[in-house]
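Now for the letters of each chain:
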Amino acid sequence: MTEEDGVEHVLFPSFHKRYICPLQNLITARQKVVEQDDVQAGRTDMQGFCWREGELGKKAYRNFMDSIQSTAHLYYKGATALEENREVLDYDGHEFYRFRFTNTDIHCSHHHPQLRNLVCATSKNDVYYLYNNAIEHWCPQLQTSKTILGQPLMTSRARVPNRITTMAAMNQFLLVGGEDGSFTFMNLQNYEDPIFDSFTNGEYMEVNSIEMSYSRTGAPHAYVSTNDFQVKRIDLTTLETTATFPTEWFVNYTSQSPDRHMIAVVGDDLEGQVMSTNSQEKIASLKGHQRHSFSAAWSPDSMMLATGSDDRSTCIYDSRMMLNPVHILSTDIMDSVRSLRYSPCGRYLVMAEDRNFVHIVDTTVDYSKAQKIDFVGDISGISLTPDGESLFVGMSSCVDFSSILEFERLRPNCETFCTF
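For clarity, every value in this text was computed on a predicted model and none was experimentally measured.

Asks: Give a description of the sheet that holds strand β29 (residues 348–353) that names residues and reports values.
Replies: Across the sheet, 8 strands lie side by side as β5-β7-β33-β32-β31-β30-β29-β28; this open sheet has antiparallel pairing. The open sheet terminates on both sides in strands that have one partner only, identified here as β5 (33–35) and β28 (337–342). Across the sheet, the mean angle from the axis of one strand to that of its neighbour is 25°, orientation sign disregarded.

Asks: Can you explain the packing of aromatic side chains? Please cite residues and give values.
Replies: The geometry of an aromatic ring pair is captured by two quantities: the separation of the ring centres and the angle between the planes. Throughout the structure, instances matching the rule amount to 9 aromatic pairs. For the pair Tyr97 and Tyr348, a centre-to-centre distance of 5.9 Å together with 75° between the ring planes defines the contact as edge-to-face. With Tyr97 in strand β7 (residues 97–103) and Tyr348 in strand β29, this pair connects stretches of sequence that are 251 residues apart. Residue classification places Tyr97 among the buried positions, given a relative accessible area of 1%. With a centroid separation of 5.9 Å and 55° between ring planes, the pair formed by Tyr223 and Phe245 is classed as tilted.

Asks: Explain the pattern of salt bridges to me, using residue names and the numbers behind them.
Replies: In this structure the tally under the stated criterion is 15 salt bridges. Here Glu179 makes a salt bridge to Arg163, at a shortest N to O gap of 3.4 Å. Taken together, the residues Glu179 in the loop between β13 (173–178) and β14 (182–187) and Arg163 in the loop between β11 (144–149) and β12 (164–170) connect sequence positions 16 residues apart. For Glu179, a relative accessible area of 21% corresponds to the partly exposed category. Here Arg411 ties to Glu389 by a salt bridge, and the two come within 2.7 Å at their closest N and O atoms. In this pair, Arg411 sits in the segment after β33 (402–409) while Glu389 sits in the loop between β31 (369–384) and β32 (390–396), placing the two residues 22 residues apart along the sequence. Its relative accessible area of 24% is what places Glu389 among the partly exposed residues. One network of salt bridges, in which partners are shared, links Arg116, Asp310, Arg338 and Asp354.

Asks: Mind laying out the sheet that holds β11, listing which residues take part and the relevant values?
Replies: Spatially, β8-β9-β10-β11 is the arrangement adopted by the 4 strands of the open sheet, whose pairing is antiparallel. The open sheet terminates on both sides in strands that have one partner only, identified here as β8 (119–123) and β11. Each strand axis lies, on average, 30° off the axis of its neighbour in the sheet, ignoring direction. When strand β10 (residues 134–139) meets β11, the two strands line up antiparallel, connected through 5 bridges. Opposite Glu136, over in β11, you have Thr147 as the bridge partner.

Asks: I'd love a proper account of the pairing of β13, names of residues and values included.
Replies: Of all 6 residues that make up β13, 6 are buried, and the element is covered over most of its length. Side chains Phe173, Leu175 and Gly177 of β13 all project onto a buried face; the interleaved residues Leu174, Val176 and Gly178 project onto the opposite face, where all are buried too. Pairing between β12 and β13: 6 bridges, direction antiparallel. Each residue of the ladder has a partner; that of Ala169, found in β13, is Leu174. If you look at the hairpin formed by β12 and β13, you'll find 2 residues sitting between the two strands, and Asn171 has a positive phi there, around 50°. Pairing geometry for β13 and β14, over 5 bridges, is antiparallel. Bridging from a neighbouring strand, Gly177 pairs with Phe183 of β14.

Asks: Describe the pairing of strand β19 (residues 241–246), and please don't skip the residues or the numbers.
Replies: When a strand is regular, its side chains alternate between the sheet's two faces. In this sheet, β19 lies alongside strand β18 (residues 230–235) in antiparallel orientation, the contact comprising 5 bridges. Its bridge partner being in β19, Lys232 is matched across the sheet by Thr244. Two successive antiparallel strands, β18 and β19, enclose a turn made up of 5 residues, where Leu239 displays a positive phi of approximately 65°.

Criteria and thresholds
Residues numbered from 1 in each chain as written. Predicted model: local features only at pLDDT ≥ 70, side-chain atom pairs only at ≥ 80, totals over all residues. Heavy atoms only, no water. Pairing = 2+ DSSP bridges. Helix = DSSP H or I, 4+ residues; strand = E, 2+ residues; numbered from the N terminus. Axes fitted to C-alpha atoms, helices over the stretch in contact; angles between N-to-C directions. Phe/Tyr/Trp six-rings, centres within 6.5 Å; stacked < 30°, edge-to-face > 60°. Buried < 20%, exposed > 50% of the residue type's maximum accessible area, 1.4 Å probe, protein only. Salt bridge = Lys/Arg side-chain N within 4 Å of Asp/Glu carboxyl O.

Take a look at the structure:
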């Protein structure tokens, strides 16, 4: 916050610049801790803001941010949303996940304007996220947060990449990568003796994404996507590279199919690829996007694959015929699609834009119905708990618009599709 001419302002860091927008002119009050009852009673919105009405409130902020330009426009001047075969989603009255809680004193960060996988929930009470280049642990049950990796710790846990760009957590494993190719690996069971090393043999190669999963033999491993024209598969018990998957372009995200036979690879090319986890050879090309892609996710049965792009669309492919997408979700998407997650049961696909909106699509009605979660600010990441009962959204625009939003899954009467 700054004082300028006696008026309190909020600084919006966007694309390494600073913009000033008067905060007190936009809101009438601010609440620190927000619970479900507060929102349902209309006392505040889910971020704790009581906005002024009409042109002087939330709409004014949105207009201000639109004037700065979205990331899609930043990287592709004159870019338009994907037009061909666009499908209109039905948002009318659908609610699949309901806001539960946020504490506006809990803040998130992101360093790269396009890399937004910086929130990981390994259980309903273990949420890991980035803030000020340190990894924090948030416990929703106790409503407490603590630093587990990075400054200001004064032990071996203080050493992390200079600028963390991505992270992943699964069970007891935590792996974070940085813009110089370095990484820190930690055992979450004891927090002892984290390992600091590099994926790129000293070369300056940005780590764009990390996704953890299991091999066909059940061993834990991670797929690491970097700017060196290949994907690395890392054994999480030894941190050795067990396989490489070559590409002709920088890889932004890699996702393994739940049946463990395929990986989807997307990056700085209009076409993604599906490759064999066994032979490392290309199985299919993924056509349909008009800009580079930064996200991918498989349905739990490995039948459907979703990819998200800077063309402001999500393409859905059937793994039995991947030549063209079977659905293109684009009409209601306002910005780049940065993160995608299927719920563990496969009923829902969660799509996070660069800022302001998260869409939750019901896959059981042919991807035609959806819920739109509307808030203010950049999104640092999204994560579903392993049981799919909770959804966490990291907000990272600035201190005043930064927090972790928690949502709980609603169960319609007579629901039979999702069982655990």
